[in-house]
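Each chain, letter by letter, is given below.
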Amino acid sequence: MKDTMKYILPLILLISISLPVLAKDWTEYYFQFEIQDKSELEFLTDIISIAKVQGNVVWAFANDEEWQAFQQLNYHPQLLQKPGYGIEQPMRDVGDSFRDWYTYPTYDAYVAQMYAFASNYPNLCQIYDIGTTINGRKILFAKISDNVSLHEAEPEVQYSAAIHGDETCGYMTMLHLIDYLLSNYSTNPRIQNLINNLEIWINPLANPDGTYYGGNNSVSGARRYNANGYDLNRSFPDHWGTPSAPTQTETTIFTNFANNHHFVLSANFHGGTEVVNYPWDGTYTPHIDENWFIDLSADYVNTARQVYSNYMTSLYSTGYTNGADWYIIHGGRQDYFTYFHHCREVTIELSNTYITPATQLENYWNYNYNSLLGYLENALYGLQGTVKDVYGNPLTATITVLGLDTVYSTAITDPACGDYIRMLLPGTYNVQISVNGYEPQTFNNIVITEGQKTTLNAVFGVIPPSQTLQLNAGWNLISFNIQPNNLNIESILSPVMGNVIQIKNLKESFHPGMDSYYNTITNLDITCGYWIKMNSSTSLYLEGTPIDPSTHPINLKTGWNLVPYYPENILSVISALQSITSYLQEVKYFNQVYIPERINNSLTQMEPGKGYWIRVLQDCNLIYPAAKN
Ligand SMILES: [Zn+2]
């Protein structure tokens, strides 16, 4: 018995570790009720999950606790048939054609379909598994871009659907969109333009535990909430208020994903009504880009209405609304992305039905696909560019439209590539680009044109003065005409240390291979010339402050001196040494010699980077000529 336990116990532990923690059982309530005044929604939104408001009628969902709290208020709700419990939808399984757009996939068929996109179009599509839900299902993103395995300096755009598990039109529309983008890339210039210039991230199913609450083989039984019984679209960090739902596993998966990316434009898709809802959801204060959002929303609706003129008319004749004007929510992903990530996100309610009947899915695709492409195209326009330092390294910069931008609306560069985009209505703007540690740069009268990209790149910093020393194998006689900030000899030689055998001047020596006892050089002395012995040829690049010869006289002693050469340019020996003409007896560089009274000298010029032997009659100061400006 005991012996058996020895094997069973680790097995039990293993199983309990690898199995997801199953969520508690809970009831989802769907109901409608009436309000007297719209202001009541401001406190109701934190008690129940409002799904739709039309006139004074409210449709909402609740878990057990929320339902109990709501029962304390005198609203006389009318319980309704839950949307997920309607007619059984036709399903397709793994192996069935995924282009049968008149069926819903089983959960396994969905996962297989996502990975099939990547294996069918490996150059354009990769699947990212960004995390596992409470009940062990995957949250998957398709990344679609040319050079898909690279992170390029391209705007990152995002679509995510079905955060409410029982709102399935977006789920299917996103699967169709992925297929449409990939299968039309080779022939359709509009698709090529999108895929070549953007990184498109599409998450068809944000809440798989909700959609497949009734089991992996059916969307019947789908729920709005996650497996724990919370509305994920009320669980995101919220600047304007406290999220109505606690942070969930799925919330953290999405916020971690957001923190590791740089999304500039996004939309999340819902159902239950038909409307485009733009920020903010959490405050009546307009977003400073409200007019831009209206333009964007109107474009979406009007493009769709070219296919079906009655589309998105169920709530507003315009087809769009300010979020808070419709009803306030706290903890939605739209405000989260738009506020904290300076992204621009809208919420798009695609269909009046929650679980769109499979027979209607193709209609909704036809209404929406042009709008979906047009929406992404916004990230091809506006003000775009890169911010880098003088070496071409990307910088974290803030791009501020002067007189317009506020704390949440400025564009921020993607630190990985230094690229940014600020989408704007057509007009003329003054723009400031700022980077920590530098003076901000201002660019006036930047013109933004409808449907065009305006490029504005900025470079910060200046290249410090530098010197490149050519070092040959064997002994070299060298000197420096710039003073590095760090004079430590090991630091200066570190780029070439593997090639250095020994460096020495008249007093000191440094030999990387020898005990430190013998290494007497600690800091470079810029008033000396040096011998350096290399095991192979290389060059040494140094940055620092140019040495001004007029303030750096070189003290020469009677006889031979090993001296540096400070001028930036090659000079004749006569010009270079004019300050000591009266005392000069001889100059040497290896076997090249200069003697003043001799005619055919083998040494006639002095040049930067070299060290020289100079013999003088008496102590004197060598002052090289100042550089000509
Ligand atoms: Zn929804």
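Only a predicted model underlies this, so the values are computations on that prediction, with no experimental measurement involved.

1. Here's the deal with the domain arrangement of the chain
Buried accessible area, meaning the area lost when the parts come together, often serves as the stated size of an interface.
At step 1: Taken domain by domain, the chain comprises domain 1 (91–380), domain 2 (382–460), domain 3 (466–541) and domain 4 (549–622).
At step 2: Using only C-alpha atoms to locate each centre, domain 2 and domain 4 end up separated by 52 Å.

2. A word on the sheet that holds strand E37 (residues 612–616)
At step 1: Across the sheet, four strands lie side by side as E32-E37-E34-E35; this open sheet has antiparallel pairing. Both edges of this open sheet fall to strand E32 (559–563) and strand E35 (592–594), since each of them pairs with a single strand only. Going across the sheet, the axis of each strand differs from the next one's by a mean of 20°, ignoring polarity.
At step 2: Both E32 and E37 contribute to a ladder of five bridges, which runs antiparallel. Paired with Trp560 across the bridge in E37 is Arg615.

3. Considerations on the environment of Glu508
At step 1: Within the secondary structure, Glu508 sits in the loop between strand E26 (500–504) and strand E27 (509–510).
At step 2: Taking the relative accessible area as the measure of exposure, Glu508 reaches 26% and is therefore partly exposed.
At step 3: Along the chain, Glu508 and Asn519 lie eleven residues apart, while their C-alpha atoms are 7.7 Å from each other.
At step 4: With residues near it in sequence (within four places) discarded, Glu508 still touches Ile503, Thr520 and Ile521.

4. Let's talk about the packing of aromatic side chains
At step 1: Under the criterion given, the structure shown has 57 aromatic pairs.
At step 2: Where Phe257 meets Phe263, the ring centres are 5.5 Å apart and the plane angle is 40°; that geometry is what we call tilted. Here the two residues Phe257 and Phe263 agree in accessibility, since each one is buried.
At step 3: Relative to Phe337, the ring of Phe263 lies with its centre 6.5 Å away and its plane at 75°, an arrangement referred to as edge-to-face. Of the two residues, Phe263 sits in strand E11 (residues 263–270) while Phe337 sits in helix H11 (residues 333–340), which places them 74 residues apart along the sequence. Taken individually, Phe263 and Phe337 each receive the classification buried, so the pair is uniform in this respect.
At step 4: Of note, Arg137 hangs over the ring of Tyr107, and the distance from its end group to the ring centre comes to 5.7 Å.
At step 5: Over the ring of Trp26 we find Arg223, and its NZ or CZ is 4.4 Å from the ring centre.

5. Quick look at the pattern of salt bridges
At step 1: This structure, assessed with the given rule, holds 14 salt bridges.
At step 2: Across the pair Lys143 and Glu199 runs a salt bridge, and its minimum N-O distance is 3.9 Å. With Lys143 in strand E8 (residues 138–144) and Glu199 in strand E10 (residues 199–203), this residue pair connects regions lying 56 residues apart in the sequence.
At step 3: The exposure class of Glu199 is buried, given its relative accessible area of 1%.
At step 4: Among the salt bridges present, the one from Arg422 reaches Asp289, with a minimum N-O distance of 3.0 Å. On the criterion of sequence distance, the pair formed by Arg422 in strand E18 (residues 419–422) and Asp289 in the loop between strand E12 (275–278) and helix H9 (290–305) is long-range, its members being 133 residues apart.

6. Quick word on the coordination of the zinc ion
At step 1: Coordination of the zinc ion by the protein is provided by His164 (ND1), Glu167 (OE), Glu167 (OE) and His270 (ND1), with metal-donor distances spanning 2.0 to 2.6 Å.
At step 2: The site at the zinc ion holds four donor atoms, and with the angles between them running 55 to 150°, its shape is irregular.
At step 3: For the zinc ion, the single-chain donor residues occur in sequence as H-x2-E-x102-H. With Glu167 in the loop between strand E9 (156–161) and helix H5 (169–184) and His270 in strand E11, this pair connects stretches of sequence that are 103 residues apart. Each member of the pair, Glu167 as well as His270, is classed as buried.

7. Some remarks on H5
At step 1: Here H5 contains 16 residues, and its C-alpha end-to-end distance of 22 Å stays within 8% of the 22 Å for a straight helix at 1.5 Å per residue.
At step 2: Burial of H5 is extensive: 14 of the 16 residues sit out of reach of the surface.

8. What about the sheet that holds strand E7 (residues 125–132)?
At step 1: As summarised here, the arrangement of the eight strands in space is E7-E8-E10-E9-E11-E14-E12-E13, forming an open sheet in which the pairing is mixed. The open sheet terminates on both sides in strands that have one partner only, identified here as E7 and strand E13 (320–322). Between one strand axis and the next, the sheet turns by 20° as a mean value, whatever way the strands run.
At step 2: The sheet contact formed by E11 and strand E14 (residues 344–349) spans six bridges and is parallel. Bridging across to E14, His270 finds its partner in Glu349.
At step 3: Across the sheet, helix H4 (residues 107–120) lies against E7, E8 and E10, angled at about 25° from E8, the strand it touches most.
At step 4: Lying over the sheet, helix H8 (residues 249–259) contacts E7, E8, E9, E10 and E11, oriented at roughly 135° with respect to E7.

9. Here's the deal with helix H12 (residues 361–377)
At step 1: If you check H12, its first and last C-alpha atoms are 24 Å apart, about what 17 residues at 1.5 Å a residue would give, namely 24 Å.
At step 2: At Asn368, H12 shows its strongest bend, of approximately 40°.
At step 3: Most of H12 sits inside the fold, with twelve of its 17 residues counted as buried.

Criteria and thresholds
Note that residues are indexed from 1 along each chain, following the sequence as it is written. Where totals are concerned, whole chains, interfaces and linings use all residues; where local detail is concerned, this predicted model gives features only for residues with pLDDT of at least 70, and gives and counts side-chain atom pairs only at 80 or more. Calculated side-chain values reflect all of the structure's heavy atoms, with hydrogen atoms and water omitted. As annotated, the domain borders come from an automatic or database domain assignment. One requirement defines pairing of two strands: DSSP has to find at least two bridges between them. A run of H or I in DSSP becomes a helix once it reaches four residues, and a run of E becomes a strand once it reaches two; helices and strands are each numbered from the N terminus. All axes here are fitted lines through C-alpha atoms, helices being fitted over the stretch that makes contact, and every angle between N-to-C directions spans 0 to 180 degrees. Each residue is assigned to one of three classes by its accessible area relative to the maximum for its type, calculated with a 1.4 Å probe on protein chains only: buried under 20%, partly exposed between the two thresholds, exposed over 50%. A contact between two residues is defined here by any heavy atoms of the two lying within 4.5 Å. Between rings of Phe, Tyr and Trp, where Trp is taken as its six-membered ring, a pair exists when centres lie within 6.5 Å; planes separated by under 30 degrees are stacked, by over 60 edge-to-face, and by other angles tilted. Two limits define a charge over a ring: the Lys NZ or Arg CZ must be within 6 Å of the ring centre, and within 35 degrees of the ring normal. Salt bridges are identified by distance alone: a Lys or Arg side-chain nitrogen within 4 Å of an Asp or Glu carboxyl oxygen. Distances define the donors: N, O and S atoms within 2.8 Å of the metal qualify, as do those within 3.2 Å of Na, K or Ca. Water is excluded, so some sites may look unfinished. Sites are called tetrahedral only when four donors show all angles between 85 and 135 degrees, square planar or octahedral only when four or six donors show opposite pairs over 155 degrees and all other angles between 65 and 115, and irregular in any remaining case. In this scheme, a helix's expected span is set at 1.5 Å multiplied by one less than its residue total. Here the bend at a residue means the angle between the axes of two seven-residue stretches, the one that ends at it and the one that starts at it.

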